[in-house]
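Listed here are the chains, written in short residue letters.
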Amino acid sequence: MSKYLQFSIFSVFVFLLIILSGTNTLAQFGDENSNPNTVFAILNEPPGANCTYGGSLIASGPDNNGNGLLNFNEVQQSGYVCNGEPGDGIPGPQGPAGPQGPQGVQGV
C-alpha cells in the first residue's frame with residue numbers, strides 16, 4: 001500500500017472521529033439502553049518516539065463512571081495517527097489555466 005493511500009485512510013478515520021464528536025475532541029457511542037457508553041479521546045501527540053513528526057493519540061474505552069469523559073483507568077485501546085515527513089519545500093510547476101467561469105449578475 002502506498003504511503004499516500006495509508007495517509008488518506010488515516011485522514012478519513014480521524015476526520016470521521018472528529019465529525020462524530022462535534023466541536024469537541026470526544027465522541028460517545030451507545031444509547032440509553034446500553035451501559036456503559038464507549039467514549040473516544042483524541043489528544044495531540046508531540047514529535048518524539050511515538051510519532052517522529054508529531055500527530056494524534058486516539059484512545060477509547062467504556063465510560064464506566066458515566067461522566068461522559070474517557071478517564072485514564074477506562075482506556076482499553078489506543079493508537080497513534082502520525083503526521084508524514086515534511087516536504088522539501090520546492091514548489092511544483094504552475095498548472096494550466098482553468099476554464100472561464102460564467103458571467104456574474106450585475107446591478108443586484
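Here, the structure is the one placed above.
The structure reproduced in this document is the subject of the present report. On a predicted model such as this, the values are computed, not experimentally measured, just so you know.

Criteria and cut-off values
Residues numbered from 1 in each chain as written. Predicted model: local features only at pLDDT ≥ 70, side-chain atom pairs only at ≥ 80, totals over all residues. Heavy atoms only, no water. Helix = DSSP H or I, 4+ residues; strand = E, 2+ residues; numbered from the N terminus. Buried < 20%, exposed > 50% of the residue type's maximum accessible area, 1.4 Å probe, protein only. Contact = heavy atoms within 4.5 Å. Areas by Shrake-Rupley, 256 points an atom, 1.4 Å probe, with all protein chains shown as cover. Pairing = 2+ DSSP bridges. Disulfide = S-S within 2.5 Å.

## Some thoughts on the overall build of the protein chain
- Counting its secondary structure elements, the protein chain contains one helix and four strands.
- Scanning the protein chain from its N terminus toward the C terminus, one meets helices and strands in the order α-β-β-β-β.
- Looking at the protein chain as a whole, 22% of its 108 residues are labelled buried.
- Taking as baseline every contact in the protein chain between residues at least 6 positions apart, the subset at least 24 positions apart corresponds to 36%.
- Just so you have it, the protein chain exposes about 8500 Å², and 56% of that area is on carbon and sulfur atoms.

## Section: the pairing of strand S3 (residues 55-62)
- Among the eight residues of S3, eight are classified as buried, and the element is accordingly described as predominantly covered.
- Two elements, strand S2 (residues 38-45) and S3, share eight bridges in a ladder whose sense is antiparallel. Its bridge partner being in S3, Leu43 is matched across the sheet by Leu57.
- Note: S3 against strand S4 (residues 77-82), six bridges, orientation antiparallel. The residue of S4 that forms the bridge with Ala59 is Ser78.

## Focus: the state of the cysteines
- On inspection of all chains with the given rule, the structure shows one disulfide.
- A sulfur-sulfur separation of 2.1 Å characterises the disulfide bridge that pairs Cys51 with Cys82. Classification of the bridge connecting Cys51 and Cys82 rests on its S-S torsion, roughly -65 degrees, and on that basis the disulfide is left-handed. With Cys51 in the loop between S2 and S3 and Cys82 in strand S4, this residue pair connects regions lying 31 residues apart in the sequence.
- Judged by relative accessible area, which is 0%, Cys51 ranks as buried.
- In this structure Cys82 comes out as partly exposed when scored by relative accessible area, which is 34%.

## Some words on the environment of Val75
- Among the structural elements, Val75 can be located in the loop between S3 and S4.
- Separated by 14 residues in the primary sequence, Val75 and Gly61 place their C-alpha atoms 4.7 Å from one another.
- Val75 has contacts with Ala59, Ser60 and Leu70, leaving out every residue within four places of it along the chain.

## Observations regarding the environment of Thr38
- As for its placement among the helices and strands, Thr38 is situated in strand S2.
- By relative accessible area, which is 32% here, Thr38 ends up partly exposed.

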